[in-house]
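Observations on the model geometry
Each chain is listed here by its residues.
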Amino acid sequence: MALIASALLLSMFPSRRAVTQPSQPDARFDIVTQIQRFAIPDCVPRGGDDAVRDACNTMTTVLRRDLRFEGIFQFVPDNLLTAIPAMNPDAPNLDDWKSIAAQILVISRAEIKGKDLALEVKLHYVPTGQVILSRRYAGKEGNPRALAHQAADDIMKQVQFQGVSRTKIVFASDRDSSKGHPTKELYIVDYDGFNPRRLTVNRSLNILPNWRPDGRAISYVSYRQGIPGLFLAAIYEGRSQTITGDGYRSAQVFAPSFSPDGSRVAFASNRKSNMDIWVANADGSGARQITSSPAIDTAPCWSPTGQEIAFTSDRGGTPQIWIMDDEGLNVRRLTNVGNYNDAPNWNPSKQHPEIAYTSRLEGRFEIAVVDLGTSQVRQITAGRGSCESPSWAPNGRHLVFSCRRGRRWSLTIADRTGARVETLDVGPGNSYQPDWGPVPAR
Amino acid sequence: MRRHGLTFHGSLVIAFFVLAACSTRRPPAILTAPTTSDTPPDATSKSDDASWNESGEGFLPIGDELTNTTDIEESWPESGPLADIHFDFDQYTLTDLSRAILEGHAGWIKAHPDTRIMIEGHCDERGTVEYNLALGDRRAGAVLDYLVRRGVEAGQLTKASYGKERPVDSEHNEEAWARNRRAHFAIRR
């Protein structure tokens, strides 16, 4: 019976047997319990032309960068990599790699046939000699980065880690402005800043984008009809429509935020004259007012459970971050440091119960994070000009935000401790209001 | 630029969105402002990113393309005979000077009952995006309420907050900030 079942499985997935070798559970157990030391030698092209060599180089660069980005893995230094004698990529001598204390050896090969590019990745677990991943990725020749991002994601999954290699960031850009006609259009880039694509084309103001958690749609605020309204762009279909709701066209909507399950959207609106928090179904229907204080309430964001909402309110005299449940009850003030705090963004990882926000310090704005357990505040940015609009990576290990240094607003990425802060090059003009997208479904 | 050096552009499909058609969608009658219909045809592009397949584990339903949305702005004209009024830092209360100016505006609007006025509330950059949008709403609302109290028909008035999203002066100094803290009046018949 078991034989028949496995024969059936093999016939359903004929290619699986060819390239994937079974991994041993005990080897996996070893892997998760320690920090891994990776060796990622250069990708080896099959065939010798420039195109495949270029693709190979790009993929090596992307693989290394994706794995380094998370800051949790160790790597065999480059000078030791080059000290290893020339190898047969299909049968590496693991003793060589053992001698430089590599634990996971990542062998990659690339091939171009016609317009098609293939990347093969093999993960050797050096201590036991096992192949723990063997996979082939196929795509268009012009697209080596996407293949390498996918491979990096799979490699991290093998060591029980959810990476963000395939994630994208949406933001507002003024690069399409012309003289006398300032615009903000939405753009999407890979998380590493490459591959920018324009999303909106309406020469109006399009701001405050927020990914739907399935990664297939983005809500945002657009002035294309004069009064700022709520829109939903289906990014793979090239369609964008208003979800403001028919009865509310004369009211303004700001700061949309999808609930973690994607079923609801919270936003700020002056529908009942004052700026309050509302929650509607994901298509904008069934909107309900959640706050009703005479103060300004805005910038809602959801807790990872979807049961609470953090928001900005000046009901205490100055703008501060407050928390309530998703019915608007149990309202309490979160921030007590500083006299101007706004734009909360809740860490999506349940391992890190904390909220990032924008805080005014000595006339400038900085990114800060408050720990929900201890109420301790840590400052993420300092001396980078003025920074605002923080958004967490889906695994909760990095933040993206926008900083103005001199005259230019740039997207900036920091790890969650603030130890590493780097500007992200996403192209010309000023870049604002980034929102880090989810890990795409497979 | 590093990304332009890559072969990504090799697989571009160029799509043209001819925005010139938008001039026909603009309001036909405008009081003073010339239309800015110098919109060139806009060339944008899409690529077939993420169209990978994985033969190791069977084929996966990937191959979607990001494409552009093609909405066309229906904008209000940029300026009119009604001068901007200005606000103090982080305030939405009307100054004595602003009230005096609005007195004149109210008379003009009442004398032109066939016009509709969009009151735009704007802020300087020394605040966050979200809170400034709320503050701009308060500024526009203070102006709207005042005009209605001076006898203007409420149906002629609409408001929108621009926060700090559309400064009239892009410098980063006191003078620019003062100019940017404003209520602006866009008019159409």
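Residues numbered from 1 in each chain as written. Chains lettered and ligands numbered in written order. Predicted model: local features only at pLDDT ≥ 70, side-chain atom pairs only at ≥ 80, totals over all residues. Heavy atoms only, no water.

Quick look at the state of the cysteines now. All names here are of chain A. Counted under the stated rule, the structure contains two disulfides over all chains. Covalent S-S linkage joins Cys43 and Cys56, the inter-sulfur distance amounting to 1.9 Å. Across the S-S bond linking Cys43 and Cys56, the dihedral sits near -70°, which makes this disulfide left-handed. Linking Cys43 in the loop between strand 1 (37-39) and strand 2 (44-45) with Cys56 in helix 4 (residues 50-69), this pair joins segments that are 13 residues apart in sequence. Under the relative-accessibility criterion, Cys43 is labelled buried at 8%. In this structure Cys56 comes out as buried when scored by relative accessible area, which is 1%. Looking at chain A, its bonded cysteines, counted consecutively from the start of the sequence, adopt the pairing 1-2, 3-4. You can see Cys301 has no disulfide; the closest cysteine sulfur is in Cys387, sitting 19 Å from it. (Disulfide = S-S within 2.5 Å. Helix = DSSP H or I, 4+ residues; strand = E, 2+ residues; numbered from the N terminus. Buried < 20%, exposed > 50% of the residue type's maximum accessible area, 1.4 Å probe, protein only.)

Below, the discussion takes up helix 1 (residues 96-111) of chain B. Taking 1.5 Å as the rise per residue, helix 1 of chain B with 16 residues should run 22 Å; its terminal C-alpha atoms sit 23 Å apart, in good agreement. Buried positions along helix 1 of chain B lie against strand 4 (85-86), strand 5 (116-122), helix 2 (129-149), strand 6 (157-163) and strand 7 (182-188) of chain B. (Expected span 1.5 Å × (residues − 1). Contact = heavy atoms within 4.5 Å.)

The next thing to look at is the nonpolar core. If you look at the biggest cluster of nonpolar residues, it comprises 31 residues, and the most contacted ones within it are Phe38, Val106 and Ile155 of chain A. Of all the elements in the fold, those that place two or more residues in this core are helix 4, strand 4 (104-113), strand 5 (116-125), strand 6 (130-140) and helix 7 (144-158) of chain A. No other element matches the seven residues that helix 4 of chain A contributes to this core. Discounting chain neighbours no more than four positions away, the residues touching Val106 of chain A are Phe38, Ala39, Ile40, Pro41, Leu63, Val121, Lys122, Leu123 and Ile155 of chain A. With 21 residues, the next largest nonpolar core counts Ala255 of chain A together with Tyr131, Leu133 and Ala186 of chain B among its residues. (Core = buried A, V, L, I, M, F, W, Y, C linked by side-chain atoms within 4.5 Å.)

Okay, the domain arrangement of chain A next. All names here are of chain A. Taken domain by domain, chain A comprises domain 1 (15-157) and domain 2 (168-436). Of note, the centres of domain 1 and domain 2, computed from C-alpha atoms alone, are 37 Å apart. With eight residues of domain 1 at the contact, the number on the domain 2 side is ten residues. Among the residues of domain 1 in contact with domain 2, Phe69, Glu70 and Arg145 are the three that bury the most area, contributing 60% of the side total. Applying the counting rule to domain 1 against domain 2 returns two salt bridges. Among the ionic pairs, Arg397 bridges to Glu70, the shortest N-O distance being 3.3 Å. For the pair domain 1 and domain 2, the interface holds seven residue pairs in polar contact (both at pLDDT 80 or more). (Domains from an automatic or database assignment. Buried area = accessible area lost by both parts, 1.4 Å probe. Salt bridge = Lys/Arg side-chain N within 4 Å of Asp/Glu carboxyl O. Polar contact = N/O pair within 3.5 Å; in protein donor to acceptor, adjacent residues only side chain to side chain.)

Looking now at the pairing of strand 11 (residues 217-222) of chain A. All names here are of chain A. The buried count for strand 11 comes to six of six residues, which makes it a mostly enclosed element. Of the two faces of strand 11, the one holding Ala217, Ser219 and Val221 and the one holding Ile218, Tyr220 and Ser222 are both buried throughout. Strand direction decides the pairing type here: strand 10 (residues 206-211) and strand 11, joined by four bridges, are antiparallel. From the neighbouring strand, Trp211 faces strand 11, where its bridge partner is Ile218. Looking at chain direction, strand 11 and strand 12 (residues 229-234) are connected through six bridges and run antiparallel. The residue bridging Tyr220 from the neighbouring strand is Phe231, located in strand 12. Linking two consecutive strands that pair antiparallel, namely strand 11 and strand 12, is a turn of six residues; a positive phi of about 95° is found at Gly226 within it. (Pairing = 2+ DSSP bridges.)

Spatially, the four strands line up as an open sheet ordered 14-15-16-17 (chain A), and their pairing is antiparallel. The sheet is open, and its two edges are formed by strand 14 (253-258) and strand 17 (288-289) of chain A, each paired on a single side. Sheet topology note: the strand 14 of chain A/strand 15 (residues 264-272) of chain A ladder contains four bridges and is antiparallel. Counterpart to Phe258 of chain A in the pairing with strand 15 of chain A is Val265 of chain A. Along the sheet face, helix 2 of chain B touches strand 14, strand 15 and strand 16 (274-281) of chain A and points at about 120° away from the line of strand 16 of chain A. (Axes fitted to C-alpha atoms, helices over the stretch in contact; angles between N-to-C directions.)

A separate point is the packing of helix 4 of chain A against helix 7 of chain A. Helix packing for two helices is described by the angle between their axes and how far apart those axes are. All names here are of chain A. It is the contact of helix 4 with helix 7, at a shortest axis distance of 8 Å, that shows an interaxial angle of 40°. Between helix 4 and helix 7, the interaxial angle falls into the category oblique. In terms of crossing hand, the pair formed by helix 4 and helix 7 is right-handed. Of helix 7, the residues touching helix 4 (which contributes Ala55, Thr58, Met59, Val62, Leu63, Asp66 and Leu67) are Pro144, Arg145, Leu147, Ala148, His149, Ala151, Ala152, Ile155 and Met156. (Parallel < 35°, antiparallel > 145°, perpendicular 65-115°, else oblique. Left-handed = near helix turned anticlockwise from the far one by under 90°.)

It is possible for side chains of opposite charge to pair when their charged atoms get near one another. Per the stated rule, a full pass over the model turns up 36 salt bridges over all chains. Between Arg212 of chain A and Asp214 of chain A there is a salt bridge, with its nearest N and O atoms 2.9 Å apart. A residue is classified by how much of its surface remains accessible, and Asp214 of chain A, at 39% relative accessible area, is partly exposed. Note that Arg126 of chain B and Asp124 of chain B form a salt bridge whose closest N and O atoms lie 2.9 Å from each other. Given a relative accessible area of 22%, Arg126 of chain B falls into the partly exposed group. Members of the salt-bridge network, linked through shared partners, are Arg46, Asp90, Arg109, Glu111, Lys113, Glu120 and Arg136 of chain A.

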